[in-house]
Structures are given as C-alpha cells and as structure tokens.
Protein chains: 2
Amino acid sequence: MFKAVTSKLAAEIDQELMGPKVGFTLQQLMELAGFSVAQAVTREFPLQNNNEDKHVLIVAGPGNNGGDGLVCARHLKLFGYNPVVFYPKRSKRTEFYGQLVNQLDFFGVPILSEEQDWTVYLNKSKTVCIVDAIFGFSFKPPMREPFSSILDQLSEVDKDIPIVSVDVPSGWDVDNGPITSPHINPTVLVSLTVPKPCSNHIDKSKTAHYVGGRFIPKEFANKYGFEPFNYVSTDQILKL
Amino acid sequence: MFKAVTSKLAAEIDQELMGPKVGFTLQQLMELAGFSVAQAVTREFPLQNNNEDKHVLIVAGPGNNGGDGLVCARHLKLFGYNPVVFYPKRSKRTEFYGQLVNQLDFFGVPILSEEQDWTVYLNKSKTVCIVDAIFGFSFKPPMREPFSSILDQLSEVDKDIPIVSVDVPSGWDVDNGPITSPHINPTVLVSLTVPKPCSNHIDKSKTAHYVGGRFIPKEFANKYGFEPFNYVSTDQILKL
C-alpha cells in the first residue's frame, strides 16, 4: 500500500525541491530521475546476447519528462543498450536542453526529428521496449499534435512492444487515469519521487510498478503525507 | 592492467567533457561522481546493525573534489549512513556550491566549519570511514593551511580508520605519488573517469582500487589512449 500524491501536490514538491531553501537544481534531479528509469529498463529487460540487433526507442516530449528521457537514453547507452531517441518538439526553455542533445550526439545516440519516420523503430522483434517520456505530472489535456497521433500509434503497439512510462503514462490524466480511448497501457511504470493517483488505474497483474528518483529525506516525505520508500542499498528504484 | 592518465591529460578530458561540443555540466558530472564514491563506500563498508552509533566523516576541500564529497555525503545519507561533513574552506566559485550546502542542510547532515573541532569525529570505534575529498587531479603543491594540518592528522589515524580517497589521495602528487612524509595511505581509492599515475603508488595488497564516474563513451576513452572499463549492469563503480 502506498499513498499517491496529486498533480497539484507533485508540483508543490517539485517547486520546494528546487526552491531557494532546498536548492536542488533541475540538472541534478533530471540526472537522477533519468538514471533511475534506465535502471528500471535494465532490471525489466536485461541485455540479451543478440543485443546488437535490438534497440530501445525513447520518445521524448517537449518538457521535463522529455528531459528525463534524454538522460535515460544516455545511461542506457552506457549500460550497453542501443537507444534511439524520437524528439519531435525540442525544448528551448533553457540552454541545458540543447546540452542534453549534444551529450547524446557525443555518445552516438541517433535523435529523430519530427519529419523523420520514427515508426520504423516500432518492431516487435527488434524493439526491446519503448520509453514513454512524453508527458509527466504537469500534463493537462487537451493534447496537441504531433503527440496525439504518436500516442495513438503507441496504443496500437503496446500489446507487442512493452512500454516503460516515466512518472505518468502519457495521455492519462495525472489524477484520474485513462481519459481517452484508445490509450497506452504501459508494461512498466516508474513513478518519480512518489506515485501519482493515475497509477492506481494500472492493471497490477500486467504492469510492473517502480518508484524512482531517490532524492528526498523522510521528514520531507512525511510533510507531504507519505512514507519514504525502502530502497535497497544504492538502488535508485524500488519495485512496489 | 590499466593505463593511467596524467594530470595534464585529465584536465584536458575534463575541459572537453564540459566544453561546448559535448556539453556536460559540472552539476551532472559531480552528481554522478559523488554517487559513485557513495556506492564504493557502501560496497566496502556495508551498513551494520549498530549503524546509528556510527558516522562517516567527509572532509571536503575548496574545489571540485570537495563538491564531489558534498554530493557523496547526501547520497550516503539516503543510503542510511550518518554522514558528517567537515568543510573548512567553502567554495564561492559559483552559486552551485552554496546549493550543495543547502541540500545537506535540508537532509540534516551536519557541516562543520573551520573553527569547529572536527577531530572528535576521528574515533576508531565510531567512524566507519573518512571520505577524503580534499584535493583532486588539479592539486599542485605547496599545500596551504588548514589542509596541511588536516592531512597530518589524517595520516596519523589512517591505520585505525579507513580512508576513502576521491580520485587522488590528498597531498599526493597526481603524477608522482606521495611527496611528503607523513602522507595518508587510503584503504580505498576511487579514481574518477580513469586512474591517475599516482594510483600506481598505492599498496595493492592493502588498498581497494575502484574506478568511478561512468560517463564517457568508448571512442572518447580511446582518443585519450585508454580502454573503457567493463562496468557491470548499472554499477557506477568497478573494482580494478
């Protein structure tokens, strides 16, 4: 049993963590969040012998959830996977997003633009999994293009190719769960810091649920009405 | 067998990693470096049942090596240890160093100033280990106070309390090894990115040698004349 935290409270937590008192930076939190997602991928889909023929597709959205995906892709490359990133709307919020892209270039990770055909990477026998880093806890409907079409396509393949959603299954209402038909059904959900209410709508018999983003002390968790998670050793994820 | 990289080359590697082309930020690299040191501490000194009576002392220097130590302290706290930081000369290089201190305050990690008596934390039965994050690969003698006195004291206790050195045993010449008498003899050395020549001067029968800071691709390592390290799974350290 765990307590979920609403989208409103999640925004407050984020603001306090990066506020003047605590002083975390986006770069730090994103590095740890992206690392934790890469660790969940590694745990659920261990490297196979025929790994060189396979890839992990990361679909990155326009905001911070997308940034977590970019960091995840870099760590997956370091862990021995072959990540391919589809990043149709590149964030221009801060210079840091450009740096995340440069880092992937440096690692030789392909990054597809909106006009490129990303669907060639949806291949039942070659795609290890799809990391859904499109929308996070600040998502508000209605969804815009190209993301509604992308999510329609993902919801068609999710029976054949496992989807790993970062924090929130993209397209789902953060507090109320699936609101569109079709919608994606992730095989793995990695809640960041603390689960959001939508995670109560996953089918627990089919979806592995992790919490990741290990960066808050006990008192802080308690202040927001939940207990900290019992991560093991240096793990950055915990299976719930 | 591994190839060591001189202080000059290490500076070039650092500069290129944070240069405009690769685009890593200090915040990202420091987060990963500090995490890797915390992982080495966890592996060498697993949590004991009587952990609440024990502490880890982190001695942080004035530069980036000290910053790695501050990050390490935060992760150790998250891993269940009781870190205490001695930070006599606080860096004012960038705002980020102040934020690293705020983060430790937020986690309730004590930070001792120069005028406080840090030696009460040198206790054979209560100090799990000392993290030596005083000087890194850019250290050039002569050493100034208070660090020469601090290192004299550390070299007196290193037979009773294990020292974990970050990248370089502080006070050692990066390329030539120990240059003063007395000098510290670490029980654990965590080389960052790639070992420096001084690591050839450790007594391999007494010192566990790790490499940490897993953030470069193979081609980049080769360009600087070394092979990448075969890290296992999502590990951020590898025992050499």
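Conventions and cut-offs
Residues numbered from 1 in each chain as written. Chains lettered and ligands numbered in written order. Predicted model: local features only at pLDDT ≥ 70, side-chain atom pairs only at ≥ 80, totals over all residues. Heavy atoms only, no water. Helix = DSSP H or I, 4+ residues; strand = E, 2+ residues; numbered from the N terminus. Expected span 1.5 Å × (residues − 1). Buried < 20%, exposed > 50% of the residue type's maximum accessible area, 1.4 Å probe, protein only. Phe/Tyr/Trp six-rings, centres within 6.5 Å; stacked < 30°, edge-to-face > 60°. Pairing = 2+ DSSP bridges. Contact = heavy atoms within 4.5 Å. Axes fitted to C-alpha atoms, helices over the stretch in contact; angles between N-to-C directions. UniProt positions renumbered as here; feature names shortened; annotations may be inferred. Polar contact = N/O pair within 3.5 Å; in protein donor to acceptor, adjacent residues only side chain to side chain. Parallel < 35°, antiparallel > 145°, perpendicular 65-115°, else oblique. Left-handed = near helix turned anticlockwise from the far one by under 90°. Nonpolar A, V, L, I, M, F, W, Y, C, P; charged D, E, K, R; others polar.

A. View of helix α3 (residues 64-78) of chain A. All names here are of chain A. End to end, α3 covers 22 Å across 15 residues, agreeing with the expected 21 Å (1.5 Å per residue, within 8%). Judged by how many residues are buried, α3 sits mostly within the fold: 13 of 15 residues are covered. Positive backbone phi, at 105 degrees, marks Gly80, one or two positions downstream of α3.

B. Highlighting the packing of aromatic side chains. Residues and elements named next belong to chain A. Inspection of every chain in the model, using the stated rule, returns 21 aromatic pairs over all chains. When the ring of Phe35 is compared with that of Phe79, the centres are 5.9 Å apart and the planes differ by 80 degrees; the resulting orientation is edge-to-face. Of this pair, Phe35 sits in helix α2 (residues 26-44) while Phe79 sits in the loop between α3 and β2 (83-86); the two residues are 44 residues apart in sequence, bridging distant segments of the chain. Across the pair, exposure class does not vary: Phe35 and Phe79 are buried alike.

C. Geometry of the sheet that holds strand β3 (residues 111-112) of chain A. Residues and elements named next belong to chain A. Across the sheet, which stays open at both edges, the eight strands sit in the order β3-β2-β1-β4-β5-β6-β7-β8 with mixed pairing between neighbours. Each end of this open sheet is capped by a strand with a single partner; those strands are β3 and β8 (237-239). Packing against the sheet, α3 makes contact with β1 (55-60), β2, β4 (127-133), β5 (163-166) and β6 (188-192), and its axis sits at approximately 160 degrees to β1.

D. Representation of the UniProt feature "binding site: K(+)" (unreviewed entry) in chain A within the structure. Residues and elements named next belong to chain A. Residues annotated in UniProt with the feature "binding site: K(+)" (unreviewed entry) correspond here to Asn65, Asp132 and Ser170. A maximum C-alpha distance of 9.8 Å among these annotated residues, which run over 106 residues, shows that they cluster at one spot. If you trace the backbone, Asn65 turns up in helix α3. Of the residues examined, Asn65 reaches a relative accessible area of 7% and is grouped as buried. Not counting chain neighbours up to four residues away, the residues in contact with Asn65 comprise Asp132, Ala133, Ile134, Phe135, Gly136, Val166 and Asp167. Locating Ser170 in the fold gives a position in the loop between β5 and β6. With relative accessibility at 3%, the residue Ser170 sits in the buried group. Apart from the residues within four sequence positions on either side, Ser170 is in contact with Asp132, Ile134, Phe135, Leu151, Ser165 and Ile184. Within the structure, the side chain of Ser170 is placed 2.9 Å from the backbone nitrogen of Phe135, a separation counted as a polar contact.

E. Structural detail: the packing of α2 of chain A against α3 of chain A. Residue and element names in this part refer to chain A. Interhelical geometry of α2 versus α3 gives an angle of 55 degrees and a closest axis separation of 7 Å. Here α2 is positioned oblique relative to α3, judged by the angle of their axes. In the crossing of α2 with α3, the sense of the turn from one axis to the other is right-handed. In this structure, α2 uses Leu26, Met30, Glu31, Ala33, Gly34, Phe35, Val37, Ala38, Val41 and Thr42 to contact α3, whose residues at the interface are Asn64, Gly67, Asp68, Val71, Cys72, Arg74, His75 and Leu76. Considered class by class, the residues forming the contact of α2 with α3 number ten nonpolar, five polar and three charged.

F. Spatial organisation of the sheet that holds strand β3 (residues 111-112) of chain B. Residues and elements named next belong to chain B. The sheet built from eight strands is open, its strands ordered β3-β2-β1-β4-β5-β6-β7-β8 with mixed pairing. Both edges of this open sheet fall to β3 and β8 (237-239), since each of them pairs with a single strand only. For strand β4 (residues 127-133) and strand β5 (residues 163-166), the ladder comprises three bridges, and the chain directions are parallel. From the neighbouring strand, Val131 faces β5, where its bridge partner is Val164. Helix α3 (residues 64-78) rests against β1 (55-60), β2 (83-86), β4, β5 and β6 (188-192) of the sheet, and its axis sits at about 160 degrees to β1.

G. View of the side chain of Ser155 of chain A. Residue and element names in this part refer to chain A. Tracing the backbone shows Ser155 in helix α5 (residues 147-157). When its relative accessible area of 9% is taken as the criterion, Ser155 is described as buried. Side-chain polar atoms of Ser155 contact the backbone oxygen of Asp152, separated by 2.7 Å. Once residues within four sequence positions are removed from consideration, Ser155 is found in contact with Pro182, His183 and Ile184.

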